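# Inside the fold
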Amino acid sequence: MGEFGRGIWEGLRLIFGGDAEVWRIVLLSLWVSGMALLFSMLSGIPLGAWIALSRFPGRRLLIAMVYTGMGLPPVVVGLFVYLMLSRSGPAGILGWLFTPWAMMLAQAIIAFPLVMGLTLSAVKGINPRLRPQLVSLGATPRQATLTLLKEARMGVIVAVIAGMGGIISEVGAVMMVGGNIEGHTRVMTTAIVLETRQGQYSHAIALSFILLSIAFVLNLALLRLQGRSLD
Amino acid sequence: MALLKIKGLTKRFGGLTALSELNLEVVEGSIHGLIGPNGAGKTTVLNVVTGFSPPTAGIVTFHEQDITGKRPHEVARLGLVRTFQQATLFHSFTVLVNVIVGCHLHSQIGFLEALLNTPSHQRKERAIQEKCLGILKFLGLEGQAQELAANLPHGHQRALGLAIALASEPRLLLLDEPVTGMNPEETARMMELIQRVRQIGVTILLVEHDMKAVMGLCDSITVLNFGRKIAEGSPQEVREDPVVIEAYLGTGGHAA
Ligand SMILES: Nc1ncnc2c1ncn2[C@@H]1O[C@H](COP(=O)(O)OP(=O)(O)OP(=O)(O)O)[C@@H](O)[C@H]1O
Ligand SMILES: [Mg+2]
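For the structure given in this document, a descriptive report is provided here. Residue numbers run consecutively from 1 along every chain, following the written order of its sequence. Chains and ligands are labelled sequentially in the order written, the chains with letters from A and the ligands with numbers from 1. The predicted nature of this model means local features are confined to residues of pLDDT at least 70 and side-chain atom pairs, given and counted, to a pLDDT of 80 or more, with totals for whole chains, interfaces and linings taken over all residues. Hydrogens and water molecules were not included; the side-chain quantities draw on all heavy atoms of the structure.

### Regarding the overall build of chain A
What counts, and what does not: Helix and strand definitions here come from DSSP, where helices need a minimum of 4 consecutive H or I residues and strands a minimum of 2 consecutive E residues; each element is numbered from the N-terminal end. Residue burial is assigned from relative accessible area. The probe radius is 1.4 Å, only protein chains are included, and a residue is buried under 20% of its type maximum, exposed over 50%, and partly exposed in between. Here, residues are in contact when the closest pair of their heavy atoms is within 4.5 Å. Note on areas: these come from Shrake-Rupley sampling with a 1.4 Å probe, and a residue is covered only by the protein chains present in the view.
Counting its regular elements, chain A contains eleven helices and zero strands. For chain A, the sequential pattern of α-helices and β-strands runs α-α-α-α-α-α-α-α-α-α-α. Projected onto its principal axes, the C-alpha positions of chain A cover 65 × 45 × 25 Å. Taking all 231 residues of chain A together, 47% fall into the buried category. Restricting the contact set of chain A to residue pairs at least 6 apart, pairs at least 24 apart contribute 73%. For chain A, the accessible area works out to roughly 11,700 Å², and carbon and sulfur atoms hold 70% of it.

Encoded structure:
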């Protein structure tokens, strides 16, 4: 109990005392996961909507593949990105391995099918007659798709939350491709693993608190959005 | 003057001729009925006129402008707006927002402007909101403005469909079976609304099975059977036309 209580106390002190190392780790985590999420949203939302709204041969197979991708184990993604970026790999020339870029790439790959798949199922659930009605009212194809996304906004917001949840707390892939290098690629989750292993509970607890708070605030912000109509 | 002119319109689906050399004119300011037994080709006329389905042959002009082969949203932007057989609404939005969505398809609000919520954007939004409330009032829906569309009774949902169509400022409304599936009360109410819409200067082409509604509303009526026009004239003339009676009796239908 003594150790636990001391850890919590120390953790709070680190957070509110503005410990430089702790905050650098937090900012890097937000930067990496934020960029990965942004990328997966920019690609996953339009693609998910497009698959949901169009008809082409092989669509069912593609949908099955997207749904399978939603459960990609992070370590498998990590392994794949590692092999791609390793010096002898096909993208080795980029020199990204053990940099934040590699971590963004891995997390974007994890979040992308989540965002795309949940957007897809949300848009697929909309009344199929809505689109022709919108077009008959003068909506261009692009306007019609955007308007359908509004009707599906709850589902799209859930997709974004799931995408963020899937990567901000993810440890396997960032560990493998980032390497947990102090001051360079150390993020909250990898730091928590390391500090705990080394018995530095106060740092681990401080970071856990922040990780929890970030997840909480993000969810709250996104949930508030669904109350406001997005027009 | 004829607002909509259809000349020599033919539509084939493989071997099936759904429309055969149809000529039809809708006079500006009128309510024109298009009736006929099941499978006569009524919906096909609407699909071709609104650009959802290209004609095999023939020309469609709207306000002297050739619109044959134009895409659906281009046709709509000229003022030729169609509603579908089933009411299609945004169930997750309020009644008012449903109409606003219809308005937004035509407003000149830029994405950046909306994102930054500039004063000029706020002004435009207020103007749109006013306009949409006006439309709801016009159709007697102002009391339900803040209700979720999904919670409206059937008759009101169809009225909301009409409101959304009006938000895009049509000159010609194509209504596909607006009273089908309604009880007599709802039907009478919808007929009154359609009359009201015509009174503000919107021309109407009405496809409908309900003979009482058609006879009560229309200035003139075209009757189709197997894709051909078999009669045309005032409700009185059409009702007494032996060819029409024959066509309806032949399919077990009922001309009033
Ligand atoms: N996309 C299509 N492909 C093949 N045949 C079609 C297609 N659309 C309509 N048809 C056929 O064209 C004919 C006319 O159909 P249409 O839907 O226009 O009839 P309608 O007068 O609207 O009938 P209803 O009163 O039942 O709505 C029918 O025989 C129908 O089976
Ligand atoms: Mg029909």
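Moving on from the coordinates now.
### Quick word on the interface of chain B and chain A
Rule in force here: Using a 1.4 Å probe, buried area is obtained as the accessible area two parts lose upon being combined, added over both of them. Should a side-chain nitrogen of Lys or Arg be within 4 Å of a carboxyl oxygen of Asp or Glu, the pair is scored as a salt bridge. Here a polar contact is taken to be a pair of N or O atoms separated by no more than 3.5 Å, where protein atoms must pair a possible hydrogen donor with a possible acceptor and residues adjacent in sequence count only if both atoms sit in side chains.
Contacts between the two partners involve 27 residues from chain B, matched on the other side by 20 residues from chain A. Between chain B and chain A lies a buried interface of about 2,100 Å² when both sides are counted; carbon and sulfur atoms form 61% of it. Three residues stand out in chain B for area buried against chain A, namely Thr88(B), Phe90(B) and Leu105(B), and they jointly supply 28% of the buried area on that side. Where chain B packs against chain A, one counts zero salt bridges. Across the chain B-chain A interface, the total number found is eight residue pairs in polar contact (both at pLDDT 80 or more).

### Considering the packing of aromatic side chains
Counted only if it meets this: The rule is short: rings of Phe, Tyr and Trp, with Trp giving its six-membered ring, pair when the centres are within 6.5 Å, and they are stacked under 30 degrees, edge-to-face over 60, tilted in between. Charge over a ring is defined by NZ of Lys or CZ of Arg lying within 6 Å of the ring centre and within 35 degrees of the ring normal.
In this structure the tally under the stated criterion is five aromatic pairs over all chains. Here Arg82(B) stacks its cationic end above the ring of Phe84(B), 4.2 Å away from the centre of that ring.

### Thoughts on helix H1 (residues 42–49) of chain B
For H1(B), the tally of buried residues reaches six of eight residues, placing the bulk of the element in the interior. At the C-terminal side of H1(B), Gly51(B) shows a positive phi close to 85°.

### Re the pairing of strand S8 (residues 203–207) of chain B
Residues and elements named next belong to chain B. Selection criterion: One bridge is not enough; two strands pair if DSSP finds at least two bridges between them.
Along S8, five of the five residues are buried, which leaves the element largely enclosed by surrounding structure. Side-chain alternation along S8 places Thr-203, Leu-205 and Val-207 on one buried face and Ile-204 and Leu-206 on a second face that is also buried. With four bridges joining them, strand S3 (residues 31–35) and S8 adopt parallel strand pairing. By the bridge assignment, Gly-33 is partnered in S8 with Leu-206. Alignment of strand S7 (residues 172–176) against S8, held across five bridges, turns out to be parallel. Looking at the pairing, Leu-175 lines up with Leu-206 of S8.

### With respect to the site of ligand 1
All names here are of chain B. Short version of the rule: Near residues are defined by distance, with any heavy atom within 4 Å of the molecule or strand qualifying the residue. Ten residue types, Ala, Val, Leu, Ile, Met, Phe, Trp, Tyr, Cys and Pro, are classed as nonpolar, four, Asp, Glu, Lys and Arg, as charged, and the remainder, Gly among them, as polar.
Close contacts around ligand 1 come from Phe-13, Leu-16, Ala-18, Asn-38, Gly-39, Ala-40, Gly-41, Lys-42, Thr-43, Thr-44, Glu-177 and His-209, and that covers them all. Take Gly-39: an N or O atom from its main chain is 2.9 Å from an oxygen atom of ligand 1. Secondary structure elements with two or more residues in the shell around ligand 1: strand S2 (16–27) and H1. Counting residues per element, the shell around ligand 1 draws most heavily on H1, which supplies three residues. Class assignment for the residues of the shell around ligand 1 results in four nonpolar, six polar and two charged.

### So, the pairing of S3(B)
Residue and element names in this part refer to chain B. The buried count for S3 comes to five of five residues, which makes it a mostly enclosed element. What you see with S3 is no split at all: Ile-31, Gly-33 and Ile-35 on one side and His-32 and Leu-34 on the other are buried throughout. Here S3 pairs with strand S9 (residues 220–225) via four bridges, running parallel. Residue pairing across strands places Ile-35 opposite Val-223, the latter belonging to S9.

### Some thoughts on empty space enclosed by the protein
A probe as big as a water molecule, rolled over the atoms, marks out the empty space that is left. Residue and element names in this part refer to chain B. As a reminder, the rule being used: Space inside and on the surface of the protein is sampled on a 1 Å grid over the protein atoms alone, with a cavity defined as a set of points where a 1.4 Å probe fits but cannot get out and a pocket as an open set with protein on both sides within 12 Å along at least 5 of 7 lines; lining residues have an atom within 4 Å of a point. Grid points are joined across faces, edges and corners, and a volume is the space filled by probe spheres set on the points.
In this structure the tally under the stated criterion is three cavities of 30 Å³ or more. Around the largest cavity sit 16 residues that line it, and Thr-83, Phe-84, Arg-158, Gly-161 and Leu-162 are the ones nearest its centre. The greatest single-element share of the lining of the largest cavity, amounting to five residues, is contributed by helix H6 (residues 154–167).

### Side note on the pattern of salt bridges
Residue and element names in this part refer to chain B. Applying the stated rule across the entire model yields eight salt bridges over all chains. The salt bridge involving Glu-192 is made with Arg-196; its shortest N-O contact spans 2.7 Å. Highlighted residues: Glu-192 and Arg-196, both in helix H7 (residues 184–199), separated by four residues, approximately one helical turn. With a relative accessible area of 38%, Glu-192 lands in the partly exposed category. A salt bridge links Lys-229 to Glu-232, with the shortest nitrogen-to-oxygen separation between them at 3.0 Å. Classification of Glu-232 as partly exposed rests on a relative accessible area of 39%.

Interpretation note: all reported values are geometric properties and have no functional meaning in isolation.
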